[in-house]
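# A look at the structure
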Amino acid sequence: MICTIRRIILVAAIGAAAFTALGVAAQTESVPEIALTGLHWRDVGPMRGGRSYAVAGSADQPNTFYFGTVGGGVWKTENAGRTWFPIADEGIPIGSIGAIAVAPSNPNIVYVGTGEPDIRSQHSYGIGMFKSTDAGKTWKHIGLDDSQHIGRIVVDPTNPNRVYVAVLGHAYDPNPERGVFRSIDGGVTWKKVLYKADDPNNVGAIELALDPKSPRTLYASLWATRRPPWSVYAPSYMPGSGLYKSIDGGDTWKKLAGGLPDDQFVGKIGIAVAPSNPKRLWAVVDDIGEAVARPLAGPPGPPDPNAPKPKGGVYLSDNAGATWRLVNSEQRLWGRGWYFESVTVDPINPDKAYVINTATYLTADAGKTFTPVKGAPGGDDYHQIWVNPKDPSRMVLSSDQGTVVSVDGAKTWSTWYNQPTAEIYHVAADNRFPYWLYGAQQDSGGVGVATWSRMSVLDFRNWEPTCLAGESNTVVPDPKDGNILYGGGAGRCDQRLNVPISLGGQLPPSDPDDPNRKTWTLPEVFSEADEALYYSNQFVFRTRDRGKTWMKISPDLTRLNPEVPKNLDPITAKDIDAQMTTRFGVVYTISPSPLSAATVWVGTDDGLIQMTRDDGKTWHDVTPSAMTAWSKVSQIEAGHFDLGTAYASIDRHRLADLKPYIYRTHDGGKSWIEVTAGIPEGAYVNSVKEDPKIKGLLYAATELRVYVSFDDGDHWQPLQLNMPVTSVRDILVHGDDLDIATHGRGFWVMDQMASLRQLAANGKQIVSEQAYLFKPGDALSLQQGGQNGTPLPHEEPQELNPPGGVLVDYWLKSAPATPVKLELIDNKGAVRACSASDTPVKPVDTEAINVQAIWEEPTLPPSAEPGMHRAVLNVAAQRGGGFGRPAAPPPHDACSPPAGSEATPARPARGQGAAGQGGPGQRRAEMLGPGDYTVKLTVGGKTYTQPAKIKPDPRGATEDHANTGTHDRF
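Here the residue index of a chain counts from 1 through its sequence in written order. Local features are withheld for residues below a pLDDT of 70 in this predicted model, meaning they are given only at 70 or higher, and side-chain atom pairs are given and counted only at 80 or more; totals for whole chains, interfaces and linings count all residues. Each side-chain value is worked out from all heavy atoms of the structure, with water and hydrogens disregarded.

### Side note on the overall build of the chain
Put simply, the rule is: The numbering of helices and of strands both runs from the N terminus, where a helix is a DSSP run of H or I of at least 4 residues and a strand a run of E of at least 2. Every radius of gyration here is taken over C-alpha atoms, with the globule rule written as 2.2 Å times N^0.38, N being the number of residues. Buried, partly exposed and exposed residues are distinguished by accessible area as a fraction of the type maximum, computed with a 1.4 Å probe on protein chains only: under 20%, between the cut-offs, and over 50%, respectively.
A count of helical and extended segments in the chain gives three helices and 68 strands. Computed over its C-alpha atoms, the radius of gyration of the chain comes to 30 Å, within 12% of the 30 Å expected for a compact globule of 970 residues. Summarising its shape, the C-alpha atoms of the chain cover approximately 95 × 75 × 50 Å along the three principal directions. Of all 970 residues assigned to the chain, the portion counted as buried reaches 62%.

The following block contains the structure:
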């Protein structure tokens, strides 16, 4: 479960301009990692699941289930899906999960194969196999490092060390580590036991099934497929796929035919053995009759009489695979087979099986008829179901929307609205308070999340589906009205009303000689210089009247006759959704200059960088000479300090190149320098952004984590901190906050990173000091209400608000001999808050309270360990010990020394200070009023001070407002 600590927050920190040294050049050497440890990423949701693929459970632990997401790691429930918690964030350093298996004879042994095998155009990769021997507490890497995509793991029910793995292999190029691998020593060593002898580097394995009554009998399906670097919906159908059987534990194999499709167009095959009758086999076969799938949305008209006849469908065998019969050819059961094709048989009834597609279908008559038992109008898209072999009413099911559990035989299901595993493409923010973040969530649609809640925690009330964007379009709020959203080109809607509100403008009509092209996600962005709105396909469009009129301001800016990449096979080279001859690409990223409304930079997905200095009248190809075709420009960033500066992140993973690429120019694109030192291979770059206040401070969103550069890109270092390894797709600097969109863990915020900017400007001097106090960012004077009445139970999904109070960052070169003391002093010299490192922290006495201990968790004091730390200074709450108990006396520490000592008390007495008196048990607390304050750090016999500012509540609320309950919806 996500952190669910109940808190009353008195003063909320905001992203305001706290460090005013605009344009200060960053230092020329990296900052030590220990100098960043006080910074923290905060998960802000949404609490809406993202795509999960792998699921597993234990027959002997009926409430325990596992799922693996395609970008958010491995999760576990011990209460049948009521709550889920991540179990591999520190043990498996990759977010994409393809397979999970629990050893039937020992539920503490869990195997995980990384790399999702549902290879959409937007997918990530894996780094091999991992194993836990303590039910997910710790993990060990056990090989198959170059597998990249793993489809299934099965474990011998009598021997947890005997394990088989179906390795699909690379999605973009040939590689030898593909096929079925076996280990007989728990993953210490592996042997490749099944592969296509005449094409071992192109044909991989996707599915495995084991006979539970005869574990040396197993079935495997091989699958040959590949993806091109351009955007296409379905991967290719290469020859070599098929179903195989072994009766000697994988030593020898026989290809099965006898009624199964056996042409060169066979694709993915799902296979299952009926546990109650192992001679009964089920297979779901993908065979569309051609090597390249036709576009989903083709032109209307009568069926093509020359179209190939598909052979896909549900097949059964009653003699352990010797012969097969087609029992159902309905497209709803096997269509889009490259994305689905999974079948699971009831452990008691061999005629009862679940087939997975856009819905989860159940048959009880050996495949003659199927009924949906889980599915919604949006097309949920399901992937795997695991049914408890000892109790078939208990099962776990993965889908594009998340993972759900049923304990009543698929009659009802748990929720996926308790999994913060959303896959977000881009991030945009409005300018309200609290500000909201927006992006398109893959598989679920556009989403907006609030970054602060007046109810003290972020929960289901603090995010909303957006009124446009779908699952992939960019969504951007109006700079002047955050309720007005734009996306998809001419799309415009009002989020308050959840209705479209077009101003009548339409994009210019398509050019019949160059029809509009598209890719999965296209850019849309407001200019900081004049609030013009830009959109693109292969052309760039602009509106300067919020969409009333649109202009095409460029020719086709993509490559002419781009070369076919050398990593492509001849079949996949023809995998194209639309008829494109001389040009294939689109303008993938747009960056209007914040300094000049006439200057715009763009990058294409086929590997070009173009720019205009005259408002689109003329365009200049300024592509770095090293960039080849299909080197996708994932982000172009126009400089904030001079017109000649730009940064470009380049993603070449679809060319089978996982190296990072960032290019920098300071002369308008005449020359470029590659600047990626410090970013490892595998962390290919999805976005690069320049800090708008500190010259030379850069941020990079990579496939593994966020990186930061303090010297204009010459050196990079991780800014991962407490964030799990996940695909980071976009970065946004919003005031003093750093916001990111991840493809697997939703949105995250680094609140108040003013200290990061100060490290960029003066880090070398800061870390040389014995102690240093950073200048705090601005805060807001907020009277935040609690959850009046019954508070939200901690089992309900929720995330934390920003830290409440004046956020204080400080640096200690070494551990001091005396306690650390932090004070907040008002303009009259009164100490309004004090916090000390020697404050004793007592464990909750559960025998003396009448609530669960989670409601009484103590606040930790400031740290006195070496490194950079963050503390929060706010006025003490005017309430008792909780639920009628009297307030505890102040502790004896550096803020409240014992009587008779030489130290002066610094902690304000209860009832002293800000307005808003309260009595024991009262839920409201004091607030710090607007004004100028001083933060004082006392350590090692020295005192350090910095000014701090608390601004008025931007909602217009006052203390009287708080008393009368007059608030807006935020």
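So much for the structure itself; the text now carries on.
### Regarding the confidence of the model for the chain
Rule in force here: What pLDDT expresses is the predictor's confidence in each residue, scored from 0 to 100. Only heavy atoms matter for contacts: two residues are in contact if any of them lie within 4.5 Å across the pair.
With 90% of its residues at a pLDDT of 70 or more, the chain has an overall mean of 91. Note that residues 1–25 has pLDDT below 50 and, in this model, 109 contacts with residues that lie over four places away or in other chains. Here residues 877–884 is modelled with pLDDT under 50, and outside its nearest four sequence neighbours on either side it reaches 32 contacts, counting other chains as well.

### Notes on the packing of aromatic side chains
Test applied: Two rings from Phe, Tyr or Trp (for Trp, the six-membered ring) form a pair when their centres are within 6.5 Å of each other. A pair whose planes differ by under 30 degrees is stacked, one over 60 is edge-to-face, and the rest are tilted.
If you walk through the whole model with that rule in mind, you get 20 aromatic pairs. Judged by centre distance (5.7 Å) and plane angle (65°), the ring pair of Tyr417 and Phe460 falls under edge-to-face. Taken together, the positions of Tyr417 in the loop between β30 (402–406) and β31 (428–429) and Phe460 in the loop between β34 (457–458) and β35 (463–465) put the pair 43 residues apart, joining distant regions of the chain. Assessed through its relative accessible area of 31%, Tyr417 is described here as partly exposed. With centroids separated by 6.2 Å and ring planes inclined at 85°, the aromatic side chains of Trp601 and Trp672 adopt a geometry described as edge-to-face. With Trp601 in strand β45 (residues 600–604) and Trp672 in the loop between β50 (661–665) and β51 (673–674), this pair connects stretches of sequence that are 71 residues apart. In this structure Trp601 comes out as buried when scored by relative accessible area, which is 0%. The structure contains a cluster of three or more aromatic residues connected by ring pairs, namely Tyr233, Trp338, Tyr339, Phe340 and Trp520.

### Quick look at the nonpolar core
Rule in force here: In these notes, a set of buried Ala, Val, Leu, Ile, Met, Phe, Trp, Tyr and Cys residues joined through side-chain atoms within 4.5 Å is what counts as a nonpolar core.
Ranked by size, the top nonpolar core spans 32 residues in total, and within it Val74, Ile92, Ile100, Val112, Trp139, Ile662 and Trp716 carry the most contacts. Put simply, the parts of the chain that give this core at least two residues each are β4 (52–58), β8 (97–102), β9 (110–114), β52 (685–690) and β54 (698–702).

### Brief notes about the pattern of salt bridges
Stated precisely, the cut-off is as follows: In the sections that follow, a salt bridge refers to a side-chain nitrogen of Lys or Arg positioned within 4 Å of a carboxyl oxygen of Asp or Glu.
Under the counting rule described, the total for this entry stands at 50 salt bridges. The residue Arg51 makes a salt bridge to Glu116 at a minimum N-O spacing of 2.9 Å. In this pair, Arg51 is assigned in the loop between β3 (41–45) and β4 and Glu116 in the loop between β9 and β10 (129–132), connecting sequence segments 65 residues apart. Glu116 carries the same exposure label as Arg51, and that label is buried. Between Asp932 and Lys949 there is a salt bridge; the shortest N-O distance is 2.8 Å. Of this pair, Asp932 sits in strand β67 (residues 931–939) while Lys949 is found in strand β68 (residues 942–951), placing the two residues 17 residues apart along the sequence. We classify Lys949 as partly exposed; its relative accessible area is 35%. It is possible to trace a salt-bridge network through shared partners that takes in Arg51, Glu116, Asp118, Arg120, Glu423 and Asp443.

### What to know about the side chain of Arg226
The condition that has to hold: Here a polar contact is recorded for every N or O atom pair within 3.5 Å, except that within protein the pair must consist of a potential hydrogen donor and a potential acceptor, and residues adjacent in sequence are included only if both atoms are side-chain atoms.
You can see Arg226 is positioned in the loop between β17 (218–224) and β18 (242–246). Among the polar contacts listed, one links the side chain of Arg226 to the side chain of Asn202, at a separation of 2.2 Å.

### Brief notes about the environment of Pro509
Tracing the backbone through its elements, the reader meets Pro509 in the loop between β39 (499–500) and β40 (524–526). Among the residues examined, Pro509 registers a relative accessible area of 71% and is labelled exposed. Each C-alpha atom, one on Pro509 and one on Pro523, is 19 Å from the other, the two residues being 14 residues apart in sequence.

### Concerning the state of the cysteines
What counts, and what does not: We call a pair of cysteine sulfur atoms a disulfide when they lie within 2.5 Å.
Scanning the model with the defined rule gives two disulfides in all. Between Cys467 and Cys493 runs a disulfide, and the two sulfur atoms are separated by 1.9 Å. Of note, the bridge from Cys467 to Cys493 carries an S-S torsion of about 70° and is right-handed in sense. Here Cys467 is found in the loop between β35 and β36 (475–478), whereas its partner Cys493 is found in strand β38 (residues 491–494), with 26 residues between them in sequence. Classification of Cys493 by relative accessible area gives buried; the value is 1%.

### Describing the environment of Gly786
You can see Gly786 is positioned in the loop between β61 (779–781) and β62 (799–800). A sequence separation of 332 residues divides Gly786 from Arg454, and the C-alpha atoms of the two residues are 7.5 Å apart.

### Points about the sheet that holds strand β58 (residues 737–742)
The strands making up a sheet are joined through hydrogen bonds of the backbone, oriented either antiparallel or parallel. Selection rule: When DSSP locates at least two bridges between a pair of strands, those strands are taken to pair. Angles here are taken between N-to-C directions and fall from 0 to 180 degrees, while the axes themselves are lines fitted to C-alpha atoms, restricted in helices to the stretch in contact.
One open sheet holds the four strands; their spatial order is β3-β59-β58-β57, and the pairing between them is antiparallel. In the strand order of this sheet, the two ends are held by β3 and β57 (728–734), each with one partner. The mean angle between the axes of side-by-side strands here comes to 25°, regardless of whether they run parallel or antiparallel. Bridge count between β58 and strand β59 (residues 747–750): four bridges; the pairing is antiparallel. Bridge pairing links Ala741 to Phe747 in β59.

### Some remarks on the pairing of β68
With two bridges joining them, β61 and β68 adopt parallel strand pairing. Among the inter-strand pairings, Leu780 is bridged to a residue of β68, identified as Lys951. Direction of pairing for β67 relative to β68: antiparallel, over a ladder of nine bridges. What sits directly across from Asp932, in β68, is Lys949.

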